[in-house]
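Now for the letters of each chain:
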Number of protein chains: 2
Amino acid sequence: MDKLEYYRQCIKTLLKMQSSYPSNSGDIESQLIFDQESDHYLWIDVGWVDLEYIYSCFLHFDIKDGKIWIQRNRTETDIAQVLVEMGVPPEDIVLGLHPPYKRPYTGYGMPQLEKISIE
Amino acid sequence: MDKLEYYRQCIKTLLKMQSSYPSNSGDIESQLIFDQESDHYLWIDVGWVDLEYIYSCFLHFDIKDGKIWIQRNRTETDIAQVLVEMGVPPEDIVLGLHPPYKRPYTGYGMPQLEKISIE
C-alpha cells in the first residue's frame, strides 16, 4: 500500500476507535469527518444534553507534505505514540499543538518547508 | 440542478466567502473542510500567534434528511438568513444551535424524524 494511503487508514482507524466510547448522555451525535480530498480528519461531538449545547472537537489530523499533523487532541491517549506503534515513523508526525520553536525538541517531525525568517 | 446539490453549492460558497476575510496575523491556516460523502462542511482556523495556539471552528453545516443544519456559527453573519436569500426555504434549515424545544418557534425547520417522547 502507498505510504499516504496507509497513513489515511491509520488516522481513520484511530478516529473510529477513539470515538466508539459511548458519550455521556442526551442527544449527542459523534461525527467522524473525513475530507479525503484536502486530507483533513476530525472527530466532533455535537448536540444537546438538557439545556447545554455540546460542541467538542476531540481529534483533528491533517496530512500535509507527506506528514501527519496532530492539530487537536482532547482525548487522554498519547495519539502520536499510537501512530508510532501503527508503524508511522516519528519524523512523519508533526505536533501542531506544540509551538514551532519547540518542535525540534519533541522527538517528532518538523514541517517539510518551514519558513525560517531571519531578521 | 438537484436540490441537495444546490444546497451543497450554497454551503461551500458561503464558507468560501466567510473564510476569505483575512485572519489576524501569525501563522494561521484557514481550513475549509468538505466531507461530501457524509455531508459535513466546516471552516476552522488553526495555528500559532506568538505563543498562543489558535483553534477556532467558525462555521459548521451538515446536510441531514434533505435539510441544512447549522451546528456552529461564530461569525457575526445571520447565516440562516443568508441561506434563505440564496433560495433555501426556511423549513429546510434547522438551527442545531437552538435547543430542540425552541425550534418550532424559530421560524426555521424541524428535524424530519424528531423523536417525541411522551412521558
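Preceding block: the structure.
Values in this document were obtained by computation on a predicted structure and should not be read as measured data.

Caption draft 1: Main features of the overall build of chain A. Each helix and strand in chain A was counted, giving two helices and five strands. Reading the secondary structure of chain A in the N-to-C direction produces α-β-β-β-β-α-β. Sorting the 119 residues of chain A into buried and exposed places 46% on the buried side. Considering only residue pairs separated by 6 or more positions, chain A has 36% of its internal contacts joining residues 24 or more positions apart. Surface summary for chain A: the accessible area is close to 6,600 Å², and the carbon and sulfur share equals 51%.

Caption draft 2: Region of the structure containing the relation of the copies chain A and chain B. Rotating chain A by 180 degrees about the axis while translating it 0.0 Å along that axis superimposes it on chain B, leaving an RMSD of 0.0 Å. Such a combination of rotation and displacement between the chain copies is what one expects of a two-fold axis. Among all C-alpha atoms of chain A, that of Asp 35 of chain A lies closest to the rotation axis, at 2.3 Å. In this assembly the copies share their binding face: 96% of the residues contributing to the interface of chain A also contribute to that of chain B.

Caption draft 3: Here's a closer look at the interface of chain A and chain B. Listed by partner, the interface residues are 28 residues for chain A and 28 residues for chain B. The interface formed by chain A and chain B holds two salt bridges in total. Taken together, the links from chain A to chain B amount to 18 residue pairs in polar contact (both at pLDDT 80 or more). Among the elements of the structure, strand S1 (27–35), strand S2 (40–49), strand S3 (52–64) and strand S4 (67–73) of chain A are those that each provide at least two residues to the side of chain A that touches chain B. Considered class by class, the residues forming the side of chain A that touches chain B number 15 nonpolar, six polar and seven charged.

Reading the values: rules and limits
- Residues numbered from 1 in each chain as written.
- Chains lettered and ligands numbered in written order.
- Predicted model: local features only at pLDDT ≥ 70, side-chain atom pairs only at ≥ 80, totals over all residues.
- Heavy atoms only, no water.
- Helix = DSSP H or I, 4+ residues; strand = E, 2+ residues; numbered from the N terminus.
- Buried < 20%, exposed > 50% of the residue type's maximum accessible area, 1.4 Å probe, protein only.
- Contact = heavy atoms within 4.5 Å.
- Areas by Shrake-Rupley, 256 points an atom, 1.4 Å probe, with all protein chains shown as cover.
- Least-squares fit on C-alpha atoms with pLDDT ≥ 70 in both.
- Salt bridge = Lys/Arg side-chain N within 4 Å of Asp/Glu carboxyl O.
- Polar contact = N/O pair within 3.5 Å; in protein donor to acceptor, adjacent residues only side chain to side chain.
- Nonpolar A, V, L, I, M, F, W, Y, C, P; charged D, E, K, R; others polar.

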